[in-house]
Number of protein chains: 2
Amino acid sequence: MFEVKIYVSLKKGVADPQGATIKGALEALGYGGIEDVRMGKYIQIKINSSSKQDAEKKIKEMCEKLLVNPVIERYSYEISLPDRSP
Amino acid sequence: MFEVKIYVSLKKGVADPQGATIKGALEALGYGGIEDVRMGKYIQIKINSSSKQDAEKKIKEMCEKLLVNPVIERYSYEISLPDRSP
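Residues numbered from 1 in each chain as written. Chains lettered and ligands numbered in written order. Predicted model: local features only at pLDDT ≥ 70, side-chain atom pairs only at ≥ 80, totals over all residues. Heavy atoms only, no water.

- Named according to an unreviewed UniProt entry, chain A is Phosphoribosylformylglycinamidine synthase subunit PurS originating from Aerophobetes bacterium.
- Recorded in UniProt for chain A, the comment headed Subcellular location (unreviewed entry) runs: "Cytoplasm".
- UniProt, in its Subunit (unreviewed entry) section for chain A, records the words "Part of the FGAM synthase complex composed of 1 PurL, 1 PurQ and 2 PurS subunits." (UniProt positions renumbered as here; feature names shortened; annotations may be inferred.)

The structure is reproduced here in structure tokens:
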């Protein structure tokens, strides 16, 4: 079994009202020096697969078909074997 | 300026309906072998700070005061200097 961490973030230039709201809230709490806040998604998937290559292929497909909107979002991922065996 | 990446995920045992919905959708698309899907937040913050230690202190506070609900969520973070100077 593989543990996959997928990080999805908005592309540069795409408006991020949620990030702007958080920035405003942090400033209202007294935190200065914040240049930018961007909000994204962090998806953890546990998947059974015959090999890391196969898992990677599936994860890329899943991202492109369902998890990520390629028009406005970009993604990266990490695939690892968990510490303990399944 | 420091670039901070914050990963927020639901604690083990906390129900994750969004993750369950994604798991169902991936299975409906024909992907087998998925054991678990957990949905979290990925927050990127650019912050001006005198030192990495100071930035870290602020980020921890921000997480505990605003960004993370410690009852149901856990978080981790990475702080780095961006490649190019500000």
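Some words on the packing of aromatic side chains
Part 1 of the reasoning: According to the stated counting rule, one finds seven aromatic pairs over all chains in the structure shown.
Part 2 of the reasoning: A ring pair is formed by Y7 of chain A and Y7 of chain B, whose centres lie 5.1 Å apart and whose planes are at 45°; its orientation type is tilted. Note that Y7 of chain A is positioned in strand 1 (residues 2–10) and Y7 of chain B in strand 1 (residues 2–10), a pairing that runs across two chains. Both residues of the pair, Y7 of chain A and Y7 of chain B, count as buried.
Part 3 of the reasoning: Taken together, a centroid distance of 5.5 Å and an interplanar angle of 45° make the contact between Y42 of chain A and Y7 of chain B tilted. (Phe/Tyr/Trp six-rings, centres within 6.5 Å; stacked < 30°, edge-to-face > 60°. Helix = DSSP H or I, 4+ residues; strand = E, 2+ residues; numbered from the N terminus. Buried < 20%, exposed > 50% of the residue type's maximum accessible area, 1.4 Å probe, protein only.)

Regarding the pairing of strand 1 of chain B
Residues and elements named next belong to chain B.
Part 1 of the reasoning: The element strand 1 is largely enclosed, with a buried count of seven among its nine residues.
Part 2 of the reasoning: Relative to strand 3 (residues 73–80), strand 1 runs antiparallel, the two sharing eight bridges. When the bridges of strand 3 are listed, E3 appears paired with S80. (Pairing = 2+ DSSP bridges.)

Re the interface of chain B and chain A
Part 1 of the reasoning: Facing the 32 residues of chain B at the interface are 32 residues of chain A.
Part 2 of the reasoning: Overall, the association of chain B and chain A removes approximately 3,000 Å² of surface from exposure, summing both partners, and the carbon and sulfur fraction of that is 64%.
Part 3 of the reasoning: Where chain B meets chain A, there are zero salt bridges.
Part 4 of the reasoning: Going through the elements one at a time, strand 1, helix 1 (17–28), strand 2 (34–47) and helix 2 (52–67) of chain B are the ones with two or more residues in the side of chain B that touches chain A.
Part 5 of the reasoning: It is strand 2 of chain B that contributes the most residues to the side of chain B that touches chain A, 14 residues altogether.
Part 6 of the reasoning: Of the residues that constitute the side of chain B that touches chain A, the class distribution is 18 nonpolar, six polar and eight charged.
Part 7 of the reasoning: Pairing between strand 2 (residues 34–47) of chain A and strand 2 of chain B: 13 bridges, direction antiparallel. (Contact = heavy atoms within 4.5 Å. Buried area = accessible area lost by both parts, 1.4 Å probe. Salt bridge = Lys/Arg side-chain N within 4 Å of Asp/Glu carboxyl O. Nonpolar A, V, L, I, M, F, W, Y, C, P; charged D, E, K, R; others polar.)

Describing the sheet that holds strand 2 of chain A
Where strands meet in a sheet, backbone hydrogen bonds hold them as pairs that are either parallel or antiparallel.
Part 1 of the reasoning: The six strands lie next to each other as 3(A)-1(A)-2(A)-2(B)-1(B)-3(B), forming an open sheet whose pairing is antiparallel. The two strands at the open ends of the sheet, each matched to only one other strand, are strand 3 (73–80) of chain A together with strand 3 of chain B. Each strand of the sheet is rotated relative to its neighbour by a mean of 20°, with strand direction disregarded.
Part 2 of the reasoning: Those strands touched by helix 1 (residues 17–28) of chain A are strand 2 of chain A together with strand 2 of chain B, and its axis lies near 120° from that of strand 2 of chain A. (Axes fitted to C-alpha atoms, helices over the stretch in contact; angles between N-to-C directions.)

Regarding the relation of the copies chain B and chain A
Note: a rotation about an axis with an accompanying shift along it relates these two copies of the chain.
Part 1 of the reasoning: Aligned on chain A, chain B shows an RMSD of 0.0 Å; the corresponding rotation is 180° and the shift along the axis is 0.0 Å. Taken together, the turn and the small shift mark the pair as related by a two-fold rotation axis.
Part 2 of the reasoning: The residues that chain B uses at the interface reappear at the interface of chain A in 100% of cases, marking a shared surface. (Least-squares fit on C-alpha atoms with pLDDT ≥ 70 in both.)

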